[in-house]
Amino acid sequence: MARRGKKKGRPVSGWVVLDKPVGMGSTEAVSKIKWLFQAEKAGHAGTLDPLASGMLPIALGEATKTVPYVQDGAKIYRFTVAWGQERSTDDLEGPVTRDSDRRPAEAEVQALLSKYTGVIMQTPPQFSAIKIAGERAYDLARDGETVDIPAREIEIGRLDIVEHGADHTVFEVECGKGTYVRSLARDMGRDLGCFGHISELRRIEVEPFTAEDFVTVAELEAARFGEQDHGTQEPSPDTIEAPIDFGAIDALLVDTSAALDCLPQIAISDDAATKIRLGNPVIIRGRDAPVEAEEACATARGKLVAIGAVEQGMFKPKRVFAG
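Residues numbered from 1 in each chain as written. Predicted model: local features only at pLDDT ≥ 70, side-chain atom pairs only at ≥ 80, totals over all residues. Heavy atoms only, no water.

### Some thoughts on the overall build of the protein chain
In terms of regular secondary structure, the protein chain is built from eight helices and 17 strands. Within the protein chain, the fraction of its 323 residues that count as buried is 46%. Contacts spanning at least 24 positions in sequence make up 71% of the contacts within the protein chain whose residues lie at least 6 apart. (Helix = DSSP H or I, 4+ residues; strand = E, 2+ residues; numbered from the N terminus. Buried < 20%, exposed > 50% of the residue type's maximum accessible area, 1.4 Å probe, protein only. Contact = heavy atoms within 4.5 Å.)

Have a look at this one:
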């Protein structure tokens, strides 16, 4: 009988709300954070393009179970649209495909915003992770294919002009899951008859996290290594022999439960927590306890225990968290 391989890394849990720099891919960022924390498990809640900067929430350990709740949260972006050129990738990376000498006045741009607010239909960019017949659209686009990507419904809470210049406009948008900011630039440029593409993009919020939760790679490295020269290489966990104090870097984690602020919170006893962690339902008590809830969050002594449903005053666990 084959032996199960020993898990590599530490069973550390929580959220790293990374201020991702331009030039770093989302997968690269997750790998970097996983290595810095020597974590067993890591994942991110929503890809951020290499040319974009800003908030990339990265879940470690038990926090990976809460990723869907962050992915569904509202997001705020600040972005610059350069007018006069449309590009194959709808950002600076791709070659120019259409151009115009026309530049819009601020009043023209302002008059257009209502069209892009509320529930609208949007066609994702050719260079996107959308799957077409089992293949990523960006793989097909790189092979020179033009693919028919169906439009889909998205929701934009607000779209504001922050600054308007002779050949560009800076916007701030609050939007729901699945919104492509690059598509906004492309479509507004076409509507204005001048074309446009994203020249700068920064994600400043992913609900429930805010800019106050931001941490940079440099701050994490300083907490992890102090003043010593840690270099740029990332050895495997097996190569680190000396005991390491992770207290400083672990202090920069946001608690796993922060991702579940959107759910009703139910405080339970230690005995009830033990039963729930074994997969058993428990009766919940208290004046404010919900009688029915499709989803709720159970905590004991402020620590996350489980996500579950409340039916007829009984909490039934669906996803349990380690104590």
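### Focus: the nonpolar core
Val16, Phe37, Phe79, Phe171 and Met188 are the most contacted members of the largest nonpolar core, which has 47 residues in total. Counting residues per element, this core draws most heavily on helix H1 (residues 26-37), which supplies six residues. In this structure, Val282, Val305, Ala306 and Phe315 belong to the second largest nonpolar core, which totals 15 residues. (Core = buried A, V, L, I, M, F, W, Y, C linked by side-chain atoms within 4.5 Å.)

### So, the environment of Pro104
Inspection of the secondary structure puts Pro104 in the loop between strand S6 (96-99) and helix H3 (106-112). On the basis of relative accessible area, Pro104 is assigned to the buried category, the value being 3%. The spatial distance from the C-alpha of Pro104 to the C-alpha of His164 is 9.7 Å, given a sequence separation of 60 residues. Residues contacting Pro104, with those up to four places away along its chain left out, are Trp83, Val109, His164, Leu192 and Cys194.

### Describing the layout of surface pockets
One way to see where empty space is left: roll a probe the size of a water molecule over the atoms. Considering only enclosed or pocket space, the second largest pocket measures out at about 400 Å³ in volume. Taken together, 19 residues make up the lining of the second largest pocket; nearest its centre are Ser13, Glu62, Thr256, Ala322 and Gly323. (1 Å grid on protein atoms, 1.4 Å probe; cavity = no way out; pocket = protein on both sides within 12 Å on 5 of 7 lines; lining within 4 Å. Points joined across faces, edges and corners; volume = space filled by probe spheres on them.)

### What to know about the pattern of salt bridges
This structure, assessed with the given rule, holds 17 salt bridges. A salt bridge links Lys316 to Glu311; the shortest N-O distance between them is 2.9 Å. (Salt bridge = Lys/Arg side-chain N within 4 Å of Asp/Glu carboxyl O.)

### Quick look at the packing of aromatic side chains
Each pair of aromatic rings is reported with the distance of its centres and the angle of its planes. As enumerated under the stated definition, the model contains three aromatic pairs in all. Their ring planes at 35° and their centres at 5.8 Å tell us that Trp35 and Phe225 sit as a pair that is tilted. Of this pair, Trp35 sits in helix H1 while Phe225 sits in helix H6 (residues 217-225), and the two are 190 residues apart along the sequence. Note on Trp35: relative accessible area 9%, which makes it buried. (Phe/Tyr/Trp six-rings, centres within 6.5 Å; stacked < 30°, edge-to-face > 60°.)

### Side note on the environment of Ala74
Relative to the helices and strands, Ala74 resides in the loop between helix H2 (67-71) and strand S4 (75-83). By relative accessible area, which is 25% here, Ala74 ends up partly exposed. Residues Ala74 and Glu207, 133 residues apart in the sequence, show an inter-C-alpha distance of 5.3 Å.

### Section: the side chain of Thr256
In this structure, Thr256 sits in the loop between helix H7 (247-250) and strand S13 (265-267). Its relative accessible area of 9% is what places Thr256 among the buried residues. Thr256 has contacts with Ser13, Gly14, Trp15, Glu62, Ala63, Thr66, Leu304 and Phe321, leaving out every residue within four places of it along the chain.

### Comments concerning the pairing of S4
The element S4 is largely enclosed, with a buried count of eight among its nine residues. Of the pairings in the sheet, the one linking S4 to strand S12 (residues 196-206) comprises nine bridges and is antiparallel in character. The residue bridging Ala82 from the neighbouring strand is His197, located in S12. (Pairing = 2+ DSSP bridges.)

### Let's talk about H6
Listing the buried residues of H6 in full gives Val217, Leu220, Glu221, Arg224 and Phe225. Down the axis of H6, the sector holding all buried residues measures 105°, keeping them to one side. Buried residues along H6 sit in contact with strand S1 (14-20), H1 and H7. Positive phi shows up at Gly226, right after H6, with a value of about 65°. (Arc of directions from axis to C-beta.)

### Some points on helix H5 (residues 181-192)
Between the first and last C-alpha of H5 there are 17 Å, a value that for twelve residues agrees with the 16 Å anticipated at 1.5 Å per step. The buried fraction of H5 amounts to ten of the twelve residues, a majority that puts the element mostly inside the structure. Those residues of H5 that fall on the buried side of the exposure criterion are Val181, Arg182, Ser183, Leu184, Ala185, Arg186, Asp187, Met188, Gly189 and Leu192. In the segment just after H5, Gly193 is the residue with positive phi, at about 75°. (Expected span 1.5 Å × (residues − 1).)

### Side note on the confidence of the model for the protein chain
Across the protein chain, the average pLDDT comes to 89, with 87% of residues at or above 70. Counted against residues more than four places away or in other chains, residues 237-241, with its pLDDT under 50, gives four contacts. (pLDDT = per-residue confidence, 0-100.)

### Some details on the packing of H1 against H6
Relative orientation of the contacting elements H1 and H6 amounts to 20°, with a least axis distance of 10 Å. Comparing the axis directions of H1 and H6 gives the class roughly parallel. Relative to H6, the crossing made by H1 is left-handed. Between H1, through Lys32, Ile33, Trp35, Leu36 and Phe37, and H6, the contact on the second element is made entirely by Val217, Leu220, Glu221, Arg224 and Phe225. The class makeup of the residues in the contact of H1 with H6 is seven nonpolar, no polar and three charged. (Axes fitted to C-alpha atoms, helices over the stretch in contact; angles between N-to-C directions. Parallel < 35°, antiparallel > 145°, perpendicular 65-115°, else oblique. Left-handed = near helix turned anticlockwise from the far one by under 90°. Nonpolar A, V, L, I, M, F, W, Y, C, P; charged D, E, K, R; others polar.)

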